[in-house]
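One-letter residues, chain by chain:
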Amino acid sequence: MNNKFIINFQPGSTMLHKLTGTTKVRMFIIFTVYLIMSWDLRLILPVTVAGIIGIISMKPNWKPIKFMLAFVIILNLFNLFLFFIADPDIGTKFCNSRTVLADLPGYLYLSGETLWYLFTRFIKILSSFLISIIFILSITPSEFAAGLNSVKVPYKICTVVELAYRCIPDIVRDYQNISTSMQARGVEMDPKKVSAFKRLKQMVMIIVPLLLSSFDKVGNIANAMDLRGYGKKKKRSYYAEHEMTKADKVFRVVYIVIALICVAYIAYKMLAPGYLQLWYPFA
Amino acid sequence: MFNNMKGRCIEMKKGIGKALVGEWSTKTIVTMAVGAALFGVLMVYGGIPIFSMTNLSTAMIVPVVVGAMYGALPCSLTLLIGNIIADLIAGNGMWFDWSIGNAVLGFFVGLLPVYGAYITEGIFKVKHAVIYAVLCIIGNIIAFGVVTPIFTYLFYGGELKVTFIMAGFACAGNIAVLLIVGIPVLFLLAKRYASRTNLTEE
């Protein structure tokens, strides 16, 4: 719940903050595609390094980020363990080879390929996390909408995203308030003490007031937007979008190059059927 | 009084296409936004772990409300955007296969007006509840048993076994929440709106 410190409404002062919304959104989309497409550590690691440099350059409030990072790492290590249990052979599918390192009880065994696959996956998710955090830290809701509009998303959808993003801190705050007041009235929220279905019932007791209070605001917001003439024209421009700075022009070159790499890589993957997705150095 | 009745009759005759696409007024847009934000927050923080990786995701109440008010397409988009935002604030990597699966599920949940359950006019009967339940189950199976694995294969390659295991748990959790919580919420909403419309047929 420490998330409320991360979404910001005012652009900050560092170089990444000062980019236009267009650049931020496009960079984010392209990096996401790039991270999804590749299972090759040689391609992923540069992004990880760039991400670490980026996040340090933004001088953020480290406390919530550390918390989130720890959460993501623990959750993913656990998930990777489950992946391993579900299919200990998963690395073989990607590498077409099997080097058994150790036999384990039951059907489980540890192979070098699987370990490498799990490691690559972990680095991939970590890089993804870094990119998302940089994106969230750098962008404001209005810039988000402006950036989405620049990639030809209809502006009504942009508004939905913008408003949703804007509402999150409010909703988190409301949720905490309602949850605290419910606990003050004696509702037990400790997962160890009550069963899952009882907790579901208690969650509903929190969520119903949350839904009512959130959807009550809809009328006011919609009226305010209507009064300002929202939705009358086919197009829309954004106040938050400013002219391109020098850094924007540099980053434009960077993202165009990366986009070309993505296209080339995906085309190569499609055209070369025997191509192994996972780069495995010890084969 | 008469005008109201007439308006209602016209509303009833709206085609299926209209019921699917919904009405894109400013209010719809704001509702979708608030719904997406709620869905995102509840998806990240409002889950009740029953088994590893699996949550009884209370976020599934949101599509019920949005679908009841505005129909299938807004509901579907709400879940798509909500899930993308949830991925963004959770920082767990972007999983578009699941976002698309949720969008498909939202479409099925939001079909309420198509089979005559006009919640905003207070119409929700046992018959509708049964259709709703069946559609929820079908929707979950199509969304997470068919659509998500296809996109997992396309986007992320391989890993289908794990996806199917996760999809099975997600389906079970979603169906549980959609039925156990969703149906009472729909009856409640219908009752709430019925007391506001205050119309009787003569």
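Note that the coordinates shown come from a computational prediction; the quantities given were computed from them, not determined experimentally.

Asker: When you look at the overall build of chain A in this model, what are you seeing that I'm missing?
Answerer: When helices and strands are counted, chain A shows nine helices and two strands. Ordered by position from the N terminus, the helices and strands of chain A form the series α-α-α-α-β-β-α-α-α-α-α. Expressed as a percentage of its 283 residues, the buried residues of chain A come to 31%. For chain A, contacts bridging at least 24 residues in sequence account for 76% of all contacts bridging at least 6.

Asker: Mind showing me how you'd approach the interface of chain A and chain B here?
Answerer: It is common to give the size of an interface as the accessible area lost on bringing the parts into contact. Contact with chain A, which involves 49 residues of that partner, is made by 41 residues of chain B. Every element with two or more residues in the side of chain A that touches chain B is listed here: helix H1 (21–37), helix H3 (62–86), helix H4 (90–95), helix H5 (112–138), helix H7 (155–184) and helix H8 (196–227) of chain A. Here the element with the most residues in the side of chain A that touches chain B is H8(A); it accounts for 15 residues. Across the side of chain A that touches chain B, the residue classes break down as 34 nonpolar, nine polar and six charged.

Asker: What am I meant to see in unusual backbone geometry here?
Answerer: The bulk of non-glycine residues show a negative phi, and the bulk of peptide bonds are trans. Residue and element names in this part refer to chain A. The backbone of Lys59 shows a phi angle near 45°, a positive value even though the residue is not glycine. Inspection of the secondary structure puts Lys59 in the loop between helix H2 (41–57) and H3. In this structure, Lys152 is a non-glycine residue whose phi angle is positive, near 65°. Here Lys152 is to be found in the loop between helix H6 (141–150) and H7. Owing to 6 C-beta atoms within 10 Å, Lys152 belongs among the exposed residues under this scheme.

Asker: Explain the environment of Ala33(B) here, please?
Answerer: Following the sequence through the fold, Ala33(B) ends up in helix H3 (residues 26–45). As a C-alpha pair, Ala33(B) and Leu178(B) span 145 residues in sequence and 21 Å in three-dimensional space. In contact with Ala33(B), other than residues within four places in its own chain, are Val160(A), Leu163(A), Ala164(A) and Cys167(A).

Asker: Please explain H2(A) as it appears in this structure.
Answerer: Every α-helical turn comprises 3.6 residues, leaving residues that sit three or four positions apart pointing alike. All names here are of chain A. Under the 1.5 Å per step criterion, the end-to-end length of H2 is 24 Å for 17 residues, consistent within 8% with the ideal 24 Å. Those residues of H2 hidden inside the fold are in contact with H1 and H5. Positive backbone phi, approximately 45°, marks Lys59, located one or two places after H2.

Asker: Help me understand the packing of helix H5 (residues 72–90) of chain B against helix H6 (residues 96–109) of chain B, please; the structure alone is not making it clear to me.
Answerer: Angle between the axes and distance between the axes are the two parameters that describe a pair of packed helices. All names here are of chain B. Packing of H5 against H6 brings their axes to within 7 Å, and their N-to-C directions diverge by 155°. The angle between H5 and H6 places the two elements in the roughly antiparallel class. Taken as a pair, H5 and H6 cross one another with a handedness that is right-handed. Residues Ala72, Cys75, Ser76, Thr78, Leu79, Leu80, Asn83 and Ile84 of H5 pack against Trp98, Ser99, Asn102, Ala103, Leu105, Gly106, Phe107 and Val109 of H6. Taken together, the residues of the contact of H5 with H6 break down into ten nonpolar, six polar and no charged.

Asker: Mind showing me how you'd approach H8(A) here?
Answerer: Look at H8(A): 46 Å from first C-alpha to last across 32 residues, which is about the 46 Å you get at 1.5 Å a residue. Directly after H8(A), the chain includes Gly229(A), whose backbone phi takes a positive value near 80°.

Asker: Teacher, can you tell me more about the nonpolar core here?
Answerer: Nonpolar side chains in soluble globular proteins generally cluster together in the buried interior. Counting 115 residues, the largest nonpolar core has Ala164(A), Ala33(B), Ala37(B) and Ile85(B) as its most contacted members. The greatest single-element share of this core, amounting to 13 residues, is contributed by H3(B). Mapped onto the domain boundaries, this core takes at least three residues apiece from domain 1 (1–140 + 245–283) and domain 2 (141–239) of chain A.

Asker: Where do I start with the environment of Gly22(B) in this structure?
Answerer: Residue and element names in this part refer to chain B. Note on placement: Gly22 falls in the loop between helix H2 (16–21) and H3. C-beta crowding within 10 Å serves as the criterion here: with 22 such atoms nearby, Gly22 is assigned to the buried category. Spatially, the C-alpha atom of Gly22 lies 5.6 Å from that of Tyr70, the residues being 48 residues apart in sequence. Gly22 has contacts with Thr28, Tyr70, Gly71, Ala72, Leu73 and Pro74, leaving out every residue within four places of it along the chain.

Asker: Explanation requested: the domain arrangement of chain A in the structure shown.
Answerer: Residue and element names in this part refer to chain A. You can read the domains of chain A as domain 1 (1–140 + 245–283) and domain 2 (141–239). Its C-alpha centre places domain 1 at a distance of 28 Å from the equivalent point of domain 2. Across the boundary between the two partners, domain 1 contributes 13 residues, which contact 15 residues of domain 2. For the side of domain 1 that touches domain 2, the class distribution of residues is six nonpolar, four polar and three charged.

Rules used in this analysis
- Residues numbered from 1 in each chain as written.
- Chains lettered and ligands numbered in written order.
- Predicted model: local features only at pLDDT ≥ 70, side-chain atom pairs only at ≥ 80, totals over all residues.
- Helix = DSSP H or I, 4+ residues; strand = E, 2+ residues; numbered from the N terminus.
- Buried ≥ 20, exposed ≤ 12 C-beta atoms within 10 Å, placed from the backbone.
- Contact = placed C-beta atoms within 7 Å.
- Nonpolar A, V, L, I, M, F, W, Y, C, P; charged D, E, K, R; others polar.
- Expected span 1.5 Å × (residues − 1).
- Axes fitted to C-alpha atoms, helices over the stretch in contact; angles between N-to-C directions.
- Parallel < 35°, antiparallel > 145°, perpendicular 65-115°, else oblique.
- Left-handed = near helix turned anticlockwise from the far one by under 90°.
- Core = buried A, V, L, I, M, F, W, Y, C linked by C-beta atoms within 7 Å.
- Domains from an automatic or database assignment.

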